[in-house]
Structures are given as structure tokens and as C-alpha cells.
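# Observations on chain architecture
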Number of protein chains: 2
Amino acid sequence: MSDKPFILVTNDDGIHARGLQELVEVMKFFGDVVVISSETSMSGKSCAITVDQPLRAVEIEKILGVPTYKSNGTPVDSVKLSFNSLFDRTPDFVVSGINHGANSSISVIYSGTMGAAIEGSLHGVPSVGFSLDDYSSGADFSKAKIIVAKIFQNVLENGLPPFTCLNVNIPKGKPKGIKVCRQTHGKWMEEFEKRTDPHGREYHWLSGYFKNFEEGSAETDIYALENNFVSVVPVAVDMTCYKTLEELQNWKF
Amino acid sequence: MSDKPFILVTNDDGIHARGLQELVEVMKFFGDVVVISSETSMSGKSCAITVDQPLRAVEIEKILGVPTYKSNGTPVDSVKLSFNSLFDRTPDFVVSGINHGANSSISVIYSGTMGAAIEGSLHGVPSVGFSLDDYSSGADFSKAKIIVAKIFQNVLENGLPPFTCLNVNIPKGKPKGIKVCRQTHGKWMEEFEKRTDPHGREYHWLSGYFKNFEEGSAETDIYALENNFVSVVPVAVDMTCYKTLEELQNWKF
């Protein structure tokens, strides 16, 4: 067995996404890589798991020479499978991405990219989700890959606290530097476009725009991105709101 | 227009689930209720959203006399639709459940029930996810409904801080009382059962058991449930790990 770290690479854009290939290329410098992803896009799948049908994972053509598996599950399913009986080793690291589009602020709770990273952290290994703030099909990943290498080198040297992962968002173009940030307080303002199908039935397309509730706060991830810095947000799985917890002690049940 | 609060009731077990009906029955005491849910189960859908196909919501036969909509989306999609153009009012409260089975500890990140409650809180209204720690089809909801009413009465009187919702888990049988708790530190230990289909191809069924990393901690939700108390955990959408954030300032990029 190799003494190099065993690195699981996954994403939510699917097995054919260019960002996945770019991430594999970087990770091959750091260890033995295995890829698992889905045939189709799993964008927006959050931490969803599949409970009502069985999962399949089949080995397919290698990506950049590394063993590659196609799964019919969500990003979290794929990570779970990878820690259970799919390989003869369990991953030492989970990296997810490079996502086509940012996953800053509240997008962390909807993102399949971050779902996979969060799941990796739950398996007790350092995990990172990488996203590039560029949806275009011709996105330039060259500078993003240098950032990925720099950040992963730090993860390798310093580790991460148990049950904590990193949400890394990379701006378009040449980043000015890397900033450790907190999650921006903001939300998606939805707009649904109502249409009528050829059979006269209504349907709704989800769209919307992001509303930043703390414009100009220098310690937030959105601010970093807007100013061409890479944002690194440590993400924990404890969703308890401790401040509210104290207030609730006064409630009368 | 009615001056009673407008209460959105949803769940992740689908429109036919008994827990949904039970919740509607309680909520009718507190205001004007509208129901939206899916035809099939959305268990484990987390905060997933549907980005690759349009959403449909159609009015169907009333549940207990209240307007009821069937959606083809996830619990979060259904909440988003309900705040956007589906009704002539926007909900004042979002309640989700009563889930068949507990959503304590780390299950909060996988649960569709809690996905809906979290989404409600993002729309700025007090939101609660209710779960009964009983998967059986013959589960007794009678005592759970009293708990739901008690907790909702408090939410009505005290409100909740913005972007915070409650994760309420109710034990089987007669609860000894209600405890405000934090999320238990624990995880699901997966076990995949590997089988072979009639065509000779492998598939995997997800199963597993819960591993509690802090057995006996009186302030946790699992401890409350195990001791026949109702657990109430305030849940926030800021996933930043502030402790790690400080540590990361020492990293060299």
C-alpha cells in the first residue's frame, strides 16, 4: 500500500465538469487520488442523502490517470460510499470542487460542493470545498489551481480541527491574496418566473439575486471576494445558536 | 383579509403523512393555515433546492378543511414558493412536521423537515421543525400534539431572533417535560449492505447507527430524548466555526 495520503476528489457539477479535472490535476501532486462523482449535475443538493433507493458506484474511464467512479447518489452519498467498503483504504482527505460558481455566504447550506466537504469532516478527515466565482463555460482555472495548492499545502501541514471543514471561494482573475473570513449574513431573494406549459398548466422557474445584509464588513467572505481576495471560511456542523439558547431558558412551557 | 396569523405547514414525509395532518390540526387553533408538501417522501433532502427543472404547485383536496398544495419540489423549494407569488399573503410562521422519526443531533443537517424550518427562518419569520421519535406507522401523536401547542404558544408570545429556528424532538410516550438543549456532538456510522441485482450488478443500501460522542451530557438533545424529555434546540444558519477562524489566522498562504 502506498504511504502517500489517499485523497478523495468529488464535486457537485458531475463527472464531466472541467472543475473536477482541474482539481484532480492539483491533487495528484499531494497524494494518491481517487475520484467519485455523479453522471449528472448535483448542484443545490446540500447535505441530501438517498434513503429510498439503493446506491450504485461503478468504475469508469480514468480521469488524468486516477481511478474514477460514477455514483448515482448525491455528493454526500458519494462521500459516505467512499468511506464504506468501496476502496481498500479510507480517504485521508476529502476535497470537493472546483465548483463552477461561488458558494459564499448562505449558499453554504444549499451547496452540494460543501455538502461533500461537510460530510468528509464528519468522517474525521480534513476536508475542503473549492469554488471559483465564475459560471462561464470558458472559465480560467489556472490561477485558481495555484490557490488550491497553497491552501491544501496548509491543510496538509496544519490539519483541521475535527468536524470542521473549509469553504474556499476564489474570485475571477488574479486574486490579491487569501483571507480567513466568516460567513456573510445574507440571503437569496427569490424570484419565480411563472410560465404556462403547452397543456395550460402553470410552472415556476427559480431565480433570484443575493441580498447582503452587511455590505462593507471587511471580515466577511463576500467582501473578500468583491475585493478580489480568496475567502476561506471554517465551517462547523454544530448549528446550535448559543445566544438564543440562553434566551430560551426564560420561556415558560 | 383575516387578521389571524398566516401559518405555513409543510413536512418532508409527503402530503399523505399522518404527522402532517396532526400538525395541521394543532395549527388551526392558532391561525389561518395553508399546507404545501410533496406527493412522495422527501426524507433526507436537507436544504436541497431544485435548479435544473421547473417547479409546480397545484391545489389539491383540502386537509382538515385548509387549502392544500402539492409541490414537485423539495421542502425548501416548497417554502420558497410559498413566500413568492403562490398565495396572496406571505406566511407569518413556518412549521414543519410532525416528522415520523427524530431529527436530533447531526440529523439536523440531513433532515428535510429541518431544511424547511431553516428556510422559513431565512425568510425572516419564526419557524419550527417538529419530530416525533417514533417511526412506526401506528405512532401515537396525541401527546406530541400537546407539546406542539405549548411550544408554538411560546413562539407566538416571544417570537424568535431573526434567522433562527427551533429543532423540536419529542420522545415516544408521555414526555416528562421540555428542555432547551444544544445539538449533540455525534454522527451516523454508516453501514452499506452490498447486494447484487438480477443482472449481476452491485448496489448498496445505506443503513447505519448513531454514535454519540458525548454520552451522558445533560445539556444535549439526545440526552433529553433518552430521558423522555422534549428537546428544543435553537438552530442558526451561520455555520462559521469562530474558534477555528482564530486559529487559521496563523496559517501562511
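In the nomenclature of an unreviewed UniProt entry, chain A is known as 5'-nucleotidase SurE of Maribellus comscasis. UniProt lists a comment for chain A under the heading Subcellular location (unreviewed entry), and it reads "Cytoplasm". Listed under Catalytic activity (unreviewed entry) in UniProt, the entry text for chain A is "a ribonucleoside 5'-phosphate + H2O = a ribonucleoside + phosphate".

## Digging into the UniProt feature "binding site: a divalent metal cation" (unreviewed entry) in chain A
Residue and element names in this part refer to chain A. UniProt's entry tags Asp-12, Asp-13, Ser-43 and Asn-99 with the feature "binding site: a divalent metal cation" (unreviewed entry), counted in the numbering of this structure. Across 88 residues of sequence, these annotated residues stay compact in space, with a maximum C-alpha separation of 9.2 Å. Looking at where Asp-13 falls in the secondary structure, it is placed in the loop between β1 (6–10) and α1 (18–27). In this structure, Asp-13 is in contact with Ser-41, Ser-43, Ile-98, Asn-99 and His-100, ignoring residues within four places of it in sequence.

## A short note on the interface of chain B and chain A
Size of an interface, as often reported, equals the accessible area lost when the parts are brought together. Of the residues lining the interface, 78 residues belong to chain B; the matching set on chain A comes to 78 residues. When residues of chain B are sorted by the area they lose upon contact with chain A, Met239(B), Trp251(B) and Phe253(B) head the list and together hold 12% of the total. Counting the contacts that link chain B with chain A gives two salt bridges. Between chain B and chain A we count 26 residue pairs in polar contact (both at pLDDT 80 or more) in total.

## Comments concerning the sheet that holds strand β7 (residues 164–170) of chain B
Residues and elements named next belong to chain B. In spatial order, the strands read β3-β4-β2-β1-β5-β6-β7-β11-β8; together these nine strands make up an open sheet with mixed pairing. Sheet topology places β3 (57–63) and β8 (177–180) at the edges, where each strand pairs with a single neighbour. Sheet twist, expressed as the mean angle between neighbouring strand axes with direction ignored, is 25°. Sheet topology note: the strand β6 (residues 127–132)/β7 ladder contains five bridges and is parallel. Residue Gly-129 lies in a different strand from β7, and its bridge partner there is Asn-167.

## Topic: the packing of helix α2 (residues 75–82) of chain B against helix α3 (residues 112–122) of chain B
Residues and elements named next belong to chain B. Look at α2 against α3: their axes get within 8 Å of each other, and the N-to-C directions meet at 30°. Relative to α3, the element α2 lies roughly parallel. Along this stretch, α2 crosses α3, giving a crossing that reads as right-handed. Side by side, α2 and α3 meet where Pro-75, Val-76, Val-79 and Lys-80 of the first sit next to Gly-112, Gly-115, Ala-116, Glu-119 and Gly-120 of the second. Within the contact of α2 with α3, the residues separate by chemical class into four nonpolar, three polar and two charged.

## Concerning the relation of the copies chain B and chain A
With an axial shift of 0.0 Å and an RMSD of 0.0 Å, the rotation relating chain B to chain A amounts to 180°. Such a turn and shift between the copies fits a two-fold axis. Both copies share a contact surface, since 100% of the interface residues of chain B are interface residues in chain A too.

Conventions used here
- Residues numbered from 1 in each chain as written.
- Chains lettered and ligands numbered in written order.
- Predicted model: local features only at pLDDT ≥ 70, side-chain atom pairs only at ≥ 80, totals over all residues.
- Heavy atoms only, no water.
- UniProt positions renumbered as here; feature names shortened; annotations may be inferred.
- Helix = DSSP H or I, 4+ residues; strand = E, 2+ residues; numbered from the N terminus.
- Contact = heavy atoms within 4.5 Å.
- Buried area = accessible area lost by both parts, 1.4 Å probe.
- Salt bridge = Lys/Arg side-chain N within 4 Å of Asp/Glu carboxyl O.
- Polar contact = N/O pair within 3.5 Å; in protein donor to acceptor, adjacent residues only side chain to side chain.
- Pairing = 2+ DSSP bridges.
- Axes fitted to C-alpha atoms, helices over the stretch in contact; angles between N-to-C directions.
- Parallel < 35°, antiparallel > 145°, perpendicular 65-115°, else oblique.
- Left-handed = near helix turned anticlockwise from the far one by under 90°.
- Nonpolar A, V, L, I, M, F, W, Y, C, P; charged D, E, K, R; others polar.
- Least-squares fit on C-alpha atoms with pLDDT ≥ 70 in both.

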